[in-house]
Amino acid sequence: MAETVTPNDTDTARPSQPTPIGQNQRVVESRDLFRGDSEILISHDGTIYRMRITRQGKLILNK
């Protein structure tokens, strides 16, 4: 039976996505980055970027 998980669920474990064969990419859960906030700042190469979660649960990244 499939479990429905909404973007604001923090207590529900989400199934991990399998890594495609031949790729060694790390998966980071957005809830681990945001830790309950709806916006974070990311520093990359001396530039600050703002990432936020929209009301529809999408991610927006702005310079």
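The text that follows walks through the structure, step by step, so that each part is easy to find. Here the structure is a predicted model, which means the values were calculated and not measured.

About the cut-offs
Residues numbered from 1 in each chain as written. Predicted model: local features only at pLDDT ≥ 70, side-chain atom pairs only at ≥ 80, totals over all residues. Heavy atoms only, no water. Pairing = 2+ DSSP bridges. Helix = DSSP H or I, 4+ residues; strand = E, 2+ residues; numbered from the N terminus. Axes fitted to C-alpha atoms, helices over the stretch in contact; angles between N-to-C directions. Salt bridge = Lys/Arg side-chain N within 4 Å of Asp/Glu carboxyl O. Buried < 20%, exposed > 50% of the residue type's maximum accessible area, 1.4 Å probe, protein only.

Glancing now at the sheet that holds strand β2 (residues 47-53). Spatial ordering of the open sheet is given by β1-β2-β3, a layout of 3 strands whose pairing is antiparallel. The open sheet has two free edges, formed respectively by β1 (39-44) and β3 (59-62), since each of these has just one partner strand. Going across the sheet, the axis of each strand differs from the next one's by a mean of 25°, ignoring polarity.

Under the criterion given, the structure shown has 2 salt bridges. Note that R31 is salt-bridged to E29, the shortest N-O span being 4.0 Å. R31 sits in the partly exposed class, given a relative accessible area of 29%.

Here we come to the pairing of β3. Judged from the 4 bridges that link them, β2 and β3 form a sheet pairing that is antiparallel. Bridge pairing in β3 links M51 to L61. As consecutive antiparallel partners, β2 and β3 are separated by 5 residues, and within that stretch G57 has a phi angle of approximately 85°, a positive value.

A positive phi angle, close to 45°, is found at R35, a residue other than glycine. Of the residues examined, R35 reaches a relative accessible area of 72% and is grouped as exposed. Phi is positive for D45, close to 55°, though the residue is something other than glycine. Within the secondary structure layout, D45 lies in the loop between β1 and β2.

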